[in-house]
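# Remarks on the overall topology
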Amino acid sequence: MGNIGKRERYYLMLLAIVLVVGLIYFFGIRNLGFKYDELVATRAQLQAQLDYYESLKTQNAETQTRINELKTDISAEEGRFLPYINTASIEQYVLKTFEDAGCPYLVSVTADDITPESVTLPDGTSATDSLLTKRIIVQYSTTDGFNMPEYNRSTRVIDENGEVNEAAFQSYVEQIAWHGADSITGYDEFVTALQTIEAANPDCIKINSIGVTAEGGYMLLNAEIDFYSVTFRSRVSEANTDAPYITWAGESNINTEGGFIGRPFVVEDRNSEWFMVMMDDNDALQGSRPFATYYSRAIFEQAVRATGLESVLGSEANLTGVGGAEEPVDET
């Protein structure tokens, strides 16, 4: 090494430097480049995943918005039907509407179930939800301009003791006279009530038919009113039960003291408006009396025809006959 000149020594130092740099490159910088490439590739992969999840988030927001829109549309359609059918509430609502309109002289009211056809979906299958229809059939009467009308026994002349209030009776009798055709009421009020009912909820309340029958100086007014409901398998909206034709909105806890079911020969309950009122003989003979023996029925009918119901019952109480007398009679 001592014989090596300066030039050789310079070349050796240069070679050593190159060797060191090469070693640093191969075992350091080059490996760092590989790591960088891996990091870049990993970062690109993670960025792709991030972009994917960001797109899902955007899609989810759009999907949720669409779901909310559909729920709003479904709720609007559900609201077009009654949440359920309550026949008593519907009848009470209909009768009160007619009464409030000034048409209180009810002749009859009935409720029928209308069976609709099944709903067919676009794919041809039948819907699991079904339509329910309740038809309320009412008949009202107009007045005739002569006879004195009565609503809810507003013209009662028999007091709680079964005695006739002569003053009240004479007052009512004096009002029985021809008051002119203009005094006839009922028709306009009937139409007004129907308009009120249909306007309450045009989607689920429909007037099916209206009819008028002319009688002896007065008219019978007929109407069929349909109420629509649907049984939803899974309801989206909250049912609104505030309407009077859905939930009972009439009187409750009514005092029924003095009331009775059926019609006995004579009413003996002192709390009844009909206290000591006896049935007319002809009415007493109606019916086949399937509960009685044939001989008992024959004896009863023969006795009533011969002596009258009051004599057959052996009553000595104050009895007011109905169905034949022009004026109630106080026999005390």
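Description of the structure in this document. (Residues numbered from 1 in each chain as written. Predicted model: local features only at pLDDT ≥ 70, side-chain atom pairs only at ≥ 80, totals over all residues. Heavy atoms only, no water.)

On to the overall build of the protein chain, then. Scanning the protein chain from terminus to terminus reveals seven helices and six strands. When burial is assessed residue by residue, the protein chain has 22% of its 332 residues classed as buried. Considering only residue pairs separated by 6 or more positions, the protein chain has 68% of its internal contacts joining residues 24 or more positions apart. Summed over its atoms, the accessible surface of the protein chain is roughly 22,700 Å², and 54% of this surface lies on carbon and sulfur atoms. (Helix = DSSP H or I, 4+ residues; strand = E, 2+ residues; numbered from the N terminus. Buried < 20%, exposed > 50% of the residue type's maximum accessible area, 1.4 Å probe, protein only. Contact = heavy atoms within 4.5 Å. Areas by Shrake-Rupley, 256 points an atom, 1.4 Å probe, with all protein chains shown as cover.)

Bridge count between strand S3 (residues 205-214) and strand S4 (residues 219-231): nine bridges; the pairing is antiparallel. Counted as the bridge partner of valine 212 is leucine 221 from S4. The hairpin turn running from S3 into S4, its antiparallel successor, is four residues long, and glycine 217 in that turn takes a positive phi close to 90 degrees. (Pairing = 2+ DSSP bridges.)

Here we take up the pattern of salt bridges. Applying the stated criterion to the full structure yields six salt bridges. In this structure, arginine 135 and glutamate 224 form a salt bridge, with 3.6 Å as the shortest nitrogen-oxygen distance. Here the residue arginine 135 occupies a position in strand S2 (residues 130-141), and glutamate 224 occupies one in strand S4, the gap between them amounting to 89 residues. Assessed through its relative accessible area of 17%, arginine 135 is described here as buried. Of the charged contacts in the structure, one is a salt bridge between aspartate 226 and arginine 135, with a shortest N-O distance of 2.7 Å. Here aspartate 226, found in strand S4, pairs with arginine 135, found in strand S2; they are 91 residues apart in sequence, far enough to count as distant. Residue classification places aspartate 226 among the buried positions, given a relative accessible area of 3%. One network of salt bridges, in which partners are shared, links Arg135, Glu224 and Asp226. (Salt bridge = Lys/Arg side-chain N within 4 Å of Asp/Glu carboxyl O.)

What follows concerns the nonpolar core. Formed by 22 residues in total, the largest nonpolar core has its most connected members in Val94, Phe98, Phe190, Ile225, Phe227 and Tyr245. Of all the secondary-structure elements, those providing two or more residues to this core are helix H2 (87-100), S2, helix H4 (187-200) and S4. (Core = buried A, V, L, I, M, F, W, Y, C linked by side-chain atoms within 4.5 Å.)

Taken together, the side chains of Phe146, Val173, Ile176, Trp178 and Ile184 make up a nonpolar region of the molecular surface, amounting to roughly 440 Å² of accessible area. Along the polypeptide, phenylalanine 146 turns up in the loop between S2 and helix H3 (166-174). For phenylalanine 146, a relative accessible area of 37% puts it in the partly exposed group. (Patch = residues over 30% accessible without salt bridge, like charges linked within 9 Å, V, L, I, M, F, W, Y side chains within 5 Å.)

Another aspect to go through is the packing of H2 against H4. Relative to each other, H2 and H4 sit at 135 degrees, their axes nearing to 8 Å. In terms of their interaxial angle, H2 and H4 are classed as oblique. H4 is crossed by H2, and the crossing has right-handed handedness. Contact residues: Tyr93, Val94, Thr97 and Phe98 in H2; Phe190, Ala193, Leu194, Thr196, Ile197 and Ala200 in H4. The residue makeup of the contact of H2 with H4, split by class, is eight nonpolar, two polar and no charged. (Axes fitted to C-alpha atoms, helices over the stretch in contact; angles between N-to-C directions. Parallel < 35°, antiparallel > 145°, perpendicular 65-115°, else oblique. Left-handed = near helix turned anticlockwise from the far one by under 90°. Nonpolar A, V, L, I, M, F, W, Y, C, P; charged D, E, K, R; others polar.)

Attention shifts here to the environment of aspartate 100. Mapped onto the elements, aspartate 100 comes out in helix H2. Along the backbone, aspartate 100 and threonine 192 are 92 residues apart, and their C-alpha atoms lie at a distance of 9.9 Å.

As a further point, take the sheet that holds strand S1 (residues 106-114). Read from one edge to the other, the open sheet built from four strands follows the order S1-S2-S4-S3, with strand pairing classed as antiparallel. Each edge of the open sheet carries a strand with a single partner, namely S1 and S3. Sheet twist, expressed as the mean angle between neighbouring strand axes with direction ignored, is 15 degrees. Relative to the sheet, H2 contacts S1, S2 and S4, its axis offset from that of S2 by approximately 35 degrees.

Its location among the elements puts serine 141 in strand S2. Overall, serine 141 belongs to the buried group, its relative accessible area being 13%. Sequence-distant contacts of serine 141, defined by excluding residues within four places in its chain, comprise Tyr105, Val107, Tyr218, Met219 and Leu220.

Along the chain, threonine 143 turns up in the loop between S2 and H3. Accessibility expressed as a relative area gives 10% for threonine 143, which makes it buried. A polar contact of 2.9 Å, which involves the side chain of threonine 143, links it to the backbone nitrogen of threonine 185. Setting aside its immediate chain neighbours within four residues, threonine 143 contacts Tyr105, Pro149, Ser183, Ile184, Thr185, Gly217 and Tyr218. (Polar contact = N/O pair within 3.5 Å; in protein donor to acceptor, adjacent residues only side chain to side chain.)

So, on to helix H6 (residues 294-307). Across its 14 residues, H6 extends 20 Å between first and last C-alpha, which sits within 8% of the 20 Å expected from 1.5 Å per residue. Residues of H6 that are buried: Phe300, Glu301 and Val304. Taken around the axis of H6, the buried residues stretch over an arc of 95 degrees, which confines them to a single face. In H6, those exposed residues whose orientation departs by more than 90 degrees from the buried face are Tyr294, Ile299, Gln302 and Ala306. Where H6 is buried, its residues touch helix H5 (281-284) and helix H7 (309-313). Glycine 308, located one to two residues past H6, shows a positive phi value of around 95 degrees. (Expected span 1.5 Å × (residues − 1). Arc of directions from axis to C-beta.)

Without other data, these values stay purely geometric and don't point to any function.
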